[in-house]
Amino acid sequence: MEHYLQLAQQNQAKAHEIISTLNIIEAWNSIGAEINLIGSLKIGLLMKHLDIDFHVYTEIVDISQSFYAVSLIAQHPGVQSVKYSNLLNEED
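Below or above, wherever it landed, is the structure these notes cover. What you are looking at is a predicted structure, and each value in this text was computed from that prediction instead of being measured.

## So, the environment of A69
- Topologically, A69 is positioned in helix α4 (residues 63-74).
- In this structure A69 comes out as buried when scored by relative accessible area, which is 0%.
- As for A69 and I31, which are separated by 38 residues in sequence, their C-alpha atoms are 6.8 Å apart.

## Observations regarding helix α1 (residues 2-21)
- An ideal rise of 1.5 Å per residue puts 28 Å on 20 residues; α1 measures up with 29 Å between its terminal C-alpha atoms.
- Residues A8, N11, Q12, A15 and I19 constitute the buried set of α1. Angular distribution of buried residues about the axis of α1 spans 105°; they occupy a single face of the element. Away from the buried face of α1 by more than 90 degrees, exposed residues E2, H3 and Q9 are located.
- Remark: N23 follows α1 within two positions and exhibits a positive phi of approximately 55°.

## Some points on the packing of aromatic side chains
- For the structure shown, the criterion picks out one aromatic pair.
- Their ring planes at 45° and their centres at 4.9 Å tell us that F67 and Y84 sit as a pair that is tilted. Separated by 17 residues along the polypeptide, F67 in helix α4 and Y84 in the segment after α4 bring together distant segments of the chain.
- Classification of F67 as partly exposed rests on a relative accessible area of 41%.
- Residue classification places Y84 among the partly exposed residues on the basis of a relative accessible area of 43%.

Reading guide: rules and limits
Residues numbered from 1 in each chain as written. Predicted model: local features only at pLDDT ≥ 70, side-chain atom pairs only at ≥ 80, totals over all residues. Heavy atoms only, no water. Helix = DSSP H or I, 4+ residues; strand = E, 2+ residues; numbered from the N terminus. Buried < 20%, exposed > 50% of the residue type's maximum accessible area, 1.4 Å probe, protein only. Expected span 1.5 Å × (residues − 1). Arc of directions from axis to C-beta. Phe/Tyr/Trp six-rings, centres within 6.5 Å; stacked < 30°, edge-to-face > 60°.

Next comes the structure, spelled out in structure tokens:
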């Protein structure tokens, strides 16, 4: 059990380092968005699926503003690709 907790802590530390290095929160805040960490990282169980999940809220959905925020993140040399899916018409 101790091994799993240690792995989760290492993964969390790395994830928070990535968030900080890429200035993810600041990028979204720059367009007036509210950004909330969700998922396994938030609850401390980042183990197998090494993903970082956020909910991002804006008063008006403006794709060009969202792309601006993503462009700030994508400028970091460690970012190799960005994938876009328009899911505005989805229920969730």
